[in-house]
Amino acid sequence: MKLKTTLLDNNAIRRTLVRISHEIIEKNKGVDDIILIGIKRRGYPLAKRIADQIEKIEGIKIPVTSVDITLYRDDLSNVSELPSINHSELSISIRNKKVIIVDDVLYTCRTVRAAIDAIIDQGRPNVIQLAVLVDRGHKELPIRADYVGKNLPTSTDEIVNVQIEEIDGEDSVKIYQN
């Protein structure tokens, strides 16, 4: 893989998450009944950062949890020959809440579809919204994000690599040529 460009650095990611936080507050006319659910792995730390920003803006701490979508993947055999199957149970009741799913990259939409299935199995929220750091196109399902950090039209031979401080030791979004 050859590095093509660095799209976002740590400051750009921070500014993007601040903007997404403001958009969430504005669209929902406040933060009543909002729950953020980060898709494991990188969606969860992003969800926590958005919650921290919302708390700074509104003075209200909103609940954050994560969802493991491994069991819900429709392409499980393509992900790994022996995938690890983890129990997926939310630590927060979502019944009659506004759920905002948070993920790093929106690509084929299969991960988001799996997250929606996992969430619906835990209860029925009033609404489900989606926030992503990067939307790179190439959707295979009719799903779009309500909050997008960066729209990034890519070719299928490009790789979008998101690194998050909490997991990778740095914040960045880089594009590699395969």
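Because the structure is predicted, anything quoted here is derived from the model rather than measured.

## Here's the deal with the nonpolar core
So, point 1. Counting 29 residues, the largest nonpolar core has Ile24, Leu36, Ile50, Ile100, Val102, Leu133 and Val173 as the members making the most contacts within it.
So, point 2. Those elements giving two or more residues to this core turn out to be α1 (10-27), β2 (34-39), α2 (43-58), β4 (98-106), β5 (127-135), β7 (158-163) and β8 (172-177).
So, point 3. Considering every element that reaches this core, the biggest residue donor is α1, with 6 residues.
So, point 4. Among the nonpolar cores identified, the runner-up in size contains 22 residues, and Tyr72, Cys109, Val112 and Val132 belong to it.

## Re the UniProt feature "short sequence motif: PRPP-binding" (unreviewed entry) in the protein
So, point 1. UniProt records the feature "short sequence motif: PRPP-binding" (unreviewed entry) at residues 99-111, using the numbering of this structure.
So, point 2. Overall, residues 99-111 shows 15% helix and 62% strand. The separation of its end C-alpha atoms is 16 Å.

## Concerning the confidence of the model for the protein
So, point 1. Residue-level pLDDT values for the protein average 91, and 90% of them are 70 or greater.
So, point 2. Note that residues 79-87 has pLDDT below 50 and, in this model, 9 contacts with residues that lie over four places away or in other chains.

## Regarding the sheet that holds β7
So, point 1. Ordered by their spatial adjacency, 3 strands build an open sheet running β1-β8-β7, and the pairing between neighbours is antiparallel. Since the sheet does not close on itself, it has two edges, and those belong to β1 (2-8) and β7, each with one partner. Ignoring strand direction, the axes of neighbouring strands in this sheet form an average angle of 25°.
So, point 2. As judged from the 6 bridges shared by β7 and β8, these two strands associate in the antiparallel manner. Residue pairing in the sheet places Ile159 in a bridge with Tyr176 of β8.

Procedures and definitions
Within any chain, residue numbers begin from 1 and follow the written order of that chain's sequence. Local features in a predicted model are, by the rule used here, given only for residues with pLDDT of at least 70; side-chain atom pairs are given and counted only at 80 or more, and totals for whole chains, interfaces and linings are based on all residues. With hydrogens and water stripped out, all remaining heavy atoms of the structure feed into the side-chain values. Here the nonpolar core consists of buried residues drawn from Ala, Val, Leu, Ile, Met, Phe, Trp, Tyr and Cys, with membership extended through side-chain atoms lying within 4.5 Å. Remark: exposure states derive from per-residue accessible area (1.4 Å probe, protein chains only) relative to the maximum for the residue type, with buried under 20%, exposed over 50%, and partly exposed in between. Secondary structure counts use DSSP, requiring at least four H or I residues in a row for a helix and at least two E residues in a row for a strand, with both numbered from the N terminus. UniProt positions are given in the numbering used here, feature names are shortened, and annotations may be inferred rather than shown by experiment. The pLDDT value expresses, per residue, how confident the predictor is, ranging between 0 and 100. Note on contacts: a residue pair qualifies if any of its non-hydrogen atoms lie within 4.5 Å across the two residues. We call two strands paired when DSSP finds no fewer than two bridges between them. For every element, the axis is a line fit to its C-alpha atoms; helices are fit only across the contacting stretch, and the angle between N-to-C directions ranges from 0 to 180 degrees.

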